Amino acid sequence: MSENETVQSLSDLKELTGGAPAAAEAGVVAETPVAPAAPPAPLREQELDAQGRAYATGRRKDAVARVWIKPGSGKVTVNGRDQEVYFARPTLRLVINQPFQVADREGQYDVTCTVNGGGLSGQAGAVKHGIAQALSKFEPALRGAVKAAGFLTRDSRVVERKKYGRAKARRSFQFSKR
């Protein structure tokens, strides 16, 4: 058979493969080769704005952060101030840098963000969420590592609301016997 002829029947296929063993004709099925594993999911496209930055929104508790990242020296600016000034506690700065540590990209991106609502802890969590989202948009190959660390998922835990007839969400008023 020539190369441009199509296979019409099983006998044509047998001729192409060089003849099947006699066991196959007797009804015994030979081991079939295992199909290769499914190819990995295709990478998403890089999403950049006109200035070459990746933008994402991060949320945590009542805080919302708008985050832009671009290649640079690792400077983080929050609401126009340096991260050491805005997030004075080292633990909050550690939270912000977690996505870069997981992706091995520490000191390679400049981060500019505006954050409002909530307290400092919620704002740091929102900035972390936004940085992780923007990082996966800037470098789609990093999405797997950042997602495995759980940084792309919005932390949905919020404060439970106060109920009527109670002092707080679950705390009841002090019982008085007399």
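Note that the structure is predicted; figures quoted are calculated from it, not measured. (Residues numbered from 1 in each chain as written. Predicted model: local features only at pLDDT ≥ 70, side-chain atom pairs only at ≥ 80, totals over all residues. Heavy atoms only, no water.)

Trainee: Before we go on, may I ask you to explain the side chain of Thr 77 in this structure?
Mentor: Relative to the assigned elements, Thr 77 resides in strand β3 (residues 76-78). Other than its neighbours up to four places away in sequence, Thr 77 contacts Val 111, Thr 112 and Cys 113. (Helix = DSSP H or I, 4+ residues; strand = E, 2+ residues; numbered from the N terminus. Contact = heavy atoms within 4.5 Å.)

Trainee: Would you mind going over the pairing of strand β5 (residues 109-116) with me for this structure?
Mentor: When a strand is regular, its side chains alternate between the sheet's two faces. In this structure, strand β2 (residues 63-71) lies alongside β5, joined through 8 bridges in antiparallel fashion. Across the sheet, the residue bridging to Val 64 is Asn 116, located in β5. Here 3 bridges tie β3 to β5, and the two strands are oriented parallel to one another. Paired with Thr 77 across the bridge in β5 is Thr 112. (Pairing = 2+ DSSP bridges.)

Trainee: Would you take a moment to explain the sheet that holds β3 for this structure?
Mentor: As a general point, the strands of a sheet are linked pairwise by backbone hydrogen bonds and lie either parallel or antiparallel. Taken together, 5 strands build an open sheet; the order of strands is β1-β2-β5-β3-β4 and the sheet is mixed. The open sheet has two edge strands with one neighbour each: β1 (54-60) and β4 (81-82). With respect to the sheet, helix α5 (residues 120-138) is in contact with β1, β2 and β5, its orientation differing from that of β1 by roughly 145°. (Axes fitted to C-alpha atoms, helices over the stretch in contact; angles between N-to-C directions.)

Trainee: Any chance you could explain the nonpolar core here in plain terms?
Mentor: With 30 residues, the main nonpolar core has Ile 69, Phe 87, Val 127 and Leu 135 as its most contacted residues. Elements with a contribution of two residues or more to this core: β1, β2, β3, α4 (90-102), β5 and α5. Element by element, the count of residues in this core is highest for α5, at 8 residues. Residue contacts for Val 127: discarding those within four places in its chain leaves Ala 65, Val 67, Phe 87, Ile 96, Cys 113 and Val 115. (Core = buried A, V, L, I, M, F, W, Y, C linked by side-chain atoms within 4.5 Å. Buried < 20%, exposed > 50% of the residue type's maximum accessible area, 1.4 Å probe, protein only.)

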